[in-house]
Amino acid sequence: QVQLVESGGGLVQPGGSLRLSCAASGSAFSDINTMSWYRQAPGKQRSWVAHITNDGRSNYEHSVRGRFTISRDNAKNTVYLQMNMLKPEDTAVYYCQMVLRGVHQYWGQGTQVTVSS
């Protein structure tokens, strides 16, 4: 029922910025849900980056805290990840996730972020 469509990935130089977007459809975005960003670098396990609850509470993985900002626009059914001061180690496929009512889990298709000079 829920579909997540991501955009905004690309190639950026170290120190640069990108903003990822994840648009949700098929379910009320204002329903009780938590939106998260995960990432997976080549040869590594998928790891959690950040999440935000339906009422705007957010948290971050330690290595991105202070550089990344997660936000959501319930009117647009969209969650964002503003990525500043990007480092080569941020290079990964970034995935959007929704956990609906604490039990139902949905994933986006992933978007590539490459940080390289």
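In what follows, the structure referred to is the one given above.
Throughout this document, residue positions are counted from 1 along each chain, in the order its sequence is written. This being a predicted model, a pLDDT of at least 70 is required before a residue's local features are given, and a value of 80 or more before pairs of side-chain atoms are given or counted; all residues contribute to the totals for chains, interfaces and linings. As a rule here, side-chain values cover all heavy atoms of the structure and leave hydrogens and water aside.

1. What about the pattern of salt bridges?
Next, step 1: In what follows, salt bridge is the name for a side-chain nitrogen of Lys or Arg lying within 4 Å of a carboxyl oxygen of Asp or Glu. Applying the stated criterion to the full structure yields three salt bridges.
Next, step 2: The closest approach of N and O atoms between Arg39 and Asp90, which form a salt bridge, is 3.0 Å. Taken as a pair, Arg39 in strand S4 (residues 33-40) and Asp90 in the loop between strand S8 (78-83) and strand S9 (92-100) lie far apart in primary sequence, 51 residues in all.
Next, step 3: Judged by relative accessible area, Arg39 falls into the buried class, the value being 11%.
Next, step 4: Take Asp90: its relative accessible area is 1%, and that puts it in the buried class.
Next, step 5: A salt bridge links Arg57 to Asp55, with the shortest nitrogen-to-oxygen separation between them at 3.1 Å.
Next, step 6: Using a 1.4 Å probe on the protein chains alone, a residue whose accessible area is under 20% of its type maximum counts as buried, one over 50% counts as exposed, and one in between counts as partly exposed. In this structure Arg57 comes out as exposed when scored by relative accessible area, which is 55%.
Next, step 7: Here the salt bridges do not stand alone but share partners, grouping Arg39, Arg67 and Asp90 into one network. Secondary structure elements are taken from DSSP: a helix is a run of H or I of four residues or more, a strand is a run of E of two residues or more, and numbering for both begins at the N terminus.

2. Quick look at the pairing of strand S11 (residues 111-115)
Next, step 1: A one-sided burial pattern is seen for S11, the buried positions being Thr111, Val113 and Val115 and the unburied ones Gln112 and Thr114.
Next, step 2: Across three bridges, the pairing between S9 and S11 is antiparallel. Its bridge partner lying in S11, Ala92 is registered against Val113. One bridge is not enough; two strands pair if DSSP finds at least two bridges between them.

3. Details of the nonpolar core
Next, step 1: Here the nonpolar core consists of buried residues drawn from Ala, Val, Leu, Ile, Met, Phe, Trp, Tyr and Cys, with membership extended through side-chain atoms lying within 4.5 Å. Grouped together as the largest cluster of nonpolar side chains are 27 residues, with contacts concentrated most on Trp37, Leu81 and Tyr94.
Next, step 2: For this core, the secondary structure elements donating two or more residues are strand S3 (18-25), S4, strand S5 (47-53), strand S7 (68-73), S8, S9 and S11.
Next, step 3: The element contributing the most residues to this core is S9, with five residues.
Next, step 4: Residue contacts follow a heavy-atom distance rule, with two residues in contact if any of their heavy atoms lie within 4.5 Å. When neighbours within four sequence positions are excluded, Tyr94 is seen to be in contact with Glu6, Leu20, Trp37, Tyr38, Arg39, Val49, Phe68, Leu81, Met83, Gly110, Thr111 and Val113.

4. Structural notes on the sheet that holds S8
Next, step 1: Sheet architecture is open: four strands sit in the order S1-S3-S8-S7, paired in antiparallel fashion. In the strand order of this sheet, the two ends are held by strand S1 (3-7) and S7, each with one partner. For this sheet the average axis-to-axis angle between neighbouring strands, irrespective of direction, equals 15 degrees.
Next, step 2: As defined by bridge partners, S1 adjoins S3 across five bridges and the pair is classed as antiparallel. Note on S3: the bridge partner recorded for Ser7 is Ser21. Throughout, an axis means a line fitted to C-alpha atoms (over the contacting stretch in the case of helices), and angles, computed between N-to-C directions, take values from 0 to 180 degrees.

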